[in-house]
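Below, each chain spelled out in residue letters.
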Amino acid sequence: MEKKIEIIENIDPSVIYKDLSHPASGGICVFIGAVRDTTQNQKVNSLFFEAYEAMAIKEMEKIAAAASKQWNLNRLIMQHAVGDKKVEEPVVLVGASSAHRDDCFEACRFLIDTLKEKVPIWKKEFFDGNDEVWVTPHP
């Protein structure tokens, strides 16, 4: 299985098909998380992400390995952005390709859920009125 795992400044969703396409893949599934304009009835102006990059990559590698053991995947991608992000900007992208849709759908859900649960990436939300808060990633 080929994989691409990155902590990057900017995510470019326009190249995702090329990154996941494979001659043996009949299915490609992608999840893109973006900055939304409202959280808990407060208007969001922007988000800031920071990561412990070495550990984040290591955890993402473990998640990729677990996915490749569980499902028959041909390619896999996991990207998370760092830095300042405005409303509608992509901040996380995961995807998988496989011969059949079930494997890539299930793997994609596992990738995003496990990334959010285990990878050391922190988010600060900035609201109208200059309010800001670090979001606790793991309840």
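First, a word on what this report is: a plain description of the structure on this page. Worth saying up front: this structure is predicted, and the values here are computed from it rather than measured.

Turning to the overall build of the protein, a few remarks are in order. A tally of regular secondary structure across the protein gives 3 helices and 9 strands. Helices and strands appear in the protein in the N-to-C order β-α-β-β-β-α-β-β-β-α-β-β. The C-alpha radius of gyration of the protein comes to 16 Å, within 12% of the 14 Å expected for a compact globule of 139 residues. Along the first, second and third principal axes, the C-alpha atoms of the protein reach 50 × 25 × 25 Å.

This paragraph deals with the nonpolar core. In terms of nonpolar packing, the biggest core is built from 30 residues, with Met 78 and Leu 115 touching the most fellow members. When contributions to this core are tallied by element, the ones reaching two or more residues are β1 (2–8), β4 (42–51), α2 (53–70), β5 (73–81), β7 (90–98), α3 (101–118) and β8 (121–127). By residue number, the principal contributor to this core is α3, which donates 6 residues. Residues in contact with Leu 115, not counting those within four places in the same chain, are Met 60, Ile 63, Met 78, His 80, Val 92 and Val 94. Ile 8, Ile 16, Ile 77 and Leu 93 belong to the second-largest nonpolar core, a separate cluster that totals 7 residues.

In the structure shown here, the tally under the stated rule is 6 salt bridges. A salt bridge links Lys 4 to Asp 19; the shortest N-O distance between them is 3.1 Å. Of this pair, Lys 4 sits in strand β1 while Asp 19 sits in helix α1 (residues 16–20), placing them 15 residues apart in sequence. Accessibility expressed as a relative area gives 22% for Asp 19, which makes it partly exposed.

A separate point is α2. Between its terminal C-alpha atoms α2 stretches 26 Å, which fits the 26 Å expected from 18 residues at 1.5 Å a residue. Residues Ala 56, Glu 59, Met 60, Ile 63, Ala 64 and Ala 67 constitute the buried set of α2. The arc that holds the buried residues of α2, viewed along the axis, is 145°, so those residues lie on one side. Among the exposed residues of α2, those oriented more than 90 degrees off its buried face are Ala 54, Lys 58 and Lys 69. On its buried face, α2 sits against β1, β5 and α3.

The rules we used
Numbering of residues starts from 1 in each chain and follows the order in which that chain's sequence is written. Selection of residues for local features in this predicted model requires a pLDDT of at least 70, selection of side-chain atom pairs for listing and counting requires 80 or more, and totals for whole chains, interfaces and linings are taken over all residues. With hydrogens and water stripped out, all remaining heavy atoms of the structure feed into the side-chain values. Numbering of helices and strands runs from the N terminus; a helix is a DSSP stretch of H or I covering at least four residues, while a strand is a stretch of E covering at least two. Put simply, the radius of gyration uses C-alpha atoms, and a globule should come to 2.2 Å times the residue count raised to 0.38. To define a nonpolar core, start from buried Ala, Val, Leu, Ile, Met, Phe, Trp, Tyr and Cys residues and group those joined through side-chain atoms within 4.5 Å. When accessible area is computed with a 1.4 Å probe and restricted to protein chains, residues below 20% of their type maximum are described as buried, those above 50% as exposed, and intermediate ones as partly exposed. Here a residue-residue contact requires only that any non-hydrogen atoms of the pair lie within 4.5 Å. The working definition used for a salt bridge is a side-chain nitrogen of Lys or Arg within 4 Å of a carboxyl oxygen of Asp or Glu. By definition here, a helix of n residues has an expected span of 1.5 Å times n minus one. As used here, the arc belongs to the directions running from the helix axis to the C-beta atoms.

Note that all results are geometric; they support no functional claim without further evidence.
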